[in-house]
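Examination of the molecular architecture
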Amino acid sequence: MRLLLGVLVLLSAVPLVWAADSPEAQWLTLTPTRGAWGDLALEASWDAYGPELRPGKGWITLGETVRVPAVIERAGTVGALVRSERPFLVRELQEALAPLLCLGQGTLSVKVRDLFCHEVEWEAPPARVSWVQNGLLSAVRATVCGPESWRTVPGGKSISDIASFLAACPPPDELALLRGDFPILFRPARDSAPGYACTEPTGALEAPSDQLVIYQALRVIRHLLLSTPLPWTYLHPYDWLKSKFGALVVNSGVGFADCHIRVTPPGGTAQVTAIVIQEAELQGGIGWGDPRTGGLARLILRIFHLARHVDRAHDCGERDSSLDYLGAWGVEYTLATMLSQGTIQAGLSSEQRGALAAYAQQLLATRFCSGG
Ligand SMILES: [Zn+2]
């Protein structure tokens, strides 16, 4: 009866696969729990590939550092089910868990050893680690990942209606902040070009300055409200941009295709990375628009695309190999999807969200060599 109950419990712990028949088919399931003293802890259940493992007692090690007693059961001819007998303390695993849990990156090292000194090791990638969503998972996440600074930035207010948000000019203090974080340079340099100017409603401006268009886009980004972190960073989108570049260059010259360059902003002494926006990309107007044709929707996605290129080039010609690569197209796709689904809130109408979903599908169909 106890065995039957055990089997039922195991079967219900999705997505636990019975008997891994290859190293790739392994699963690690982590269940948040409380340790003996009430500390946050994790129970581990590993659907392992280990033909040589003997059933019985053993040890399981996570993150190459923390080891607890385990029970090993055979599952099929090559599989083994390894379960921790005592939970792992979360605070001891903080560093090992952070990339995987907070960023969905890296791997978690898992090792089992039976009483006959057979050892099996596995680097579990995020896609093969299942976190049981119980009431303690958010506490585990907060302990490992720190405060949820990805949600919003200090001073960020969620946008309730994008149209009225964009009709207003950036308030002076916010404009000063945006200018400090992201100075704008021109290439070739402009001596007598129109400077920044703004009057309300902005939609009535016949020819908004490039600076106003860019700062309105950055202002939207600053006030985005996230209900889940971006898959490639634990930072808020605005802070992530800040971590990747410190200036923007508007290029109106020809034959200049760099995505980012090093510049010294006016009044500055140190060089910073600048992303390069083609002037034509700013001509789509100062309204939200439709990402398939222009407007701030397209510019915002473009800014993230260029920011991603600071670290990552396209790896399949001008396309990305796959969505999983999370290159510049993957970043655009993800943002468009999150905005369309409301996991990133920007006060968009259902029509605007629909346009973003359609744009994401268009990217998926045309910008990935593996079709996503
Ligand atoms: Zn690109």
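What counts and how
Residues numbered from 1 in each chain as written. Predicted model: local features only at pLDDT ≥ 70, side-chain atom pairs only at ≥ 80, totals over all residues. Helix = DSSP H or I, 4+ residues; strand = E, 2+ residues; numbered from the N terminus. Contact = placed C-beta atoms within 7 Å. Buried ≥ 20, exposed ≤ 12 C-beta atoms within 10 Å, placed from the backbone. Pairing = 2+ DSSP bridges. Axes fitted to C-alpha atoms, helices over the stretch in contact; angles between N-to-C directions. Parallel < 35°, antiparallel > 145°, perpendicular 65-115°, else oblique. Nonpolar A, V, L, I, M, F, W, Y, C, P; charged D, E, K, R; others polar. Domains from an automatic or database assignment. Arc of directions from axis to C-beta. Core = buried A, V, L, I, M, F, W, Y, C linked by C-beta atoms within 7 Å.

A few points about the environment of E85
- Note on placement: E85 falls in the loop between β5 (79–84) and β6 (88–89).
- The contact partners of E85, leaving out residues within four places of it in the chain, are V68, P69, A70 and V71.

Points about the pairing of strand β7 (residues 108–114)
- Across the two faces of β7 the burial differs, with L108, V110, V112 and D114 buried and S109, K111 and R113 not buried at all.
- With five bridges connecting them, strand β3 (residues 56–62) and β7 associate as antiparallel partners. Among the inter-strand pairings, T61 is bridged to a residue of β7, identified as K111.
- In the sheet, β7 pairs with strand β8 (residues 119–124) via six bridges, with the strands oriented antiparallel.

Considering the packing of helix α5 (residues 172–181) against helix α6 (residues 210–222)
- Close contact between α5 and α6 brings their axes to 10 Å; oriented N to C, the two are set at 100°. In terms of orientation, α5 lies roughly perpendicular with respect to α6. Residue-level inspection shows E174, L175 and L178 of α5 in contact with α6, the latter providing Y215, L218 and R219.
- Grouping the constituent residues of the contact of α5 with α6 by class yields four nonpolar, no polar and two charged.

Re the domain arrangement of the chain
- Under the domain assignment, the chain is made up of domain 1 (2–145) and domain 2 (162–366).
- For domain 1 and domain 2, the distance between their C-alpha centres works out to 41 Å.
- Each partner contributes residues to the interface: domain 1 has four residues there, and domain 2 has four residues.
- In terms of residue class, the side of domain 1 that touches domain 2 is built from three nonpolar, one polar and no charged.

Let's talk about helix α7 (residues 237–244)
- Taken together, the buried positions of α7 are P237, Y238, W240 and L241. Buried residues of α7, seen end-on, are gathered within an arc of 160° and therefore sit on one face of the element.
- Looking at the packing, one finds that the buried side of α7 touches α6 and α8 (295–309).

Concerning unusual backbone geometry
- Residues R187 and P188 are joined by a peptide bond in cis, for which omega reads -5°.
- If you trace the backbone, P188 turns up in the loop between β10 (184–187) and α6.
- Phi is positive for E64, which is not a glycine, with a value near 65°.
- Within the fold, E64 resides in the loop between β3 and β4 (66–75).
- Positive phi values are uncommon outside glycine, yet C117 reaches one of about 70°.
- For C117, the location among the structural elements is in the loop between β7 and β8.

Focus: the nonpolar core
- A217, L248, I275, L296, I300 and I303 are the most contacted members of the largest nonpolar core, which totals 59 residues.
- At nine residues, the largest contribution of residues to this core is made by α8.
- Not counting residues up to four positions away in its chain, the partners in contact with I303 are A217, L241 and I275.
- Membership of the second largest hydrophobic core comes to 34 residues, among which are L28, F88, V112 and W122.

Brief notes about the packing of α6 against α8
- Viewed as axis vectors pointing N to C, α6 and α8 meet at an angle of 75°, and their least axial separation amounts to 10 Å. The pairing of α6 with α8 is recorded here as roughly perpendicular in orientation. Across from V213, Q216, A217, V220 and I221 in α6, the residues of α8 making contact are L296, L299, I300 and I303.

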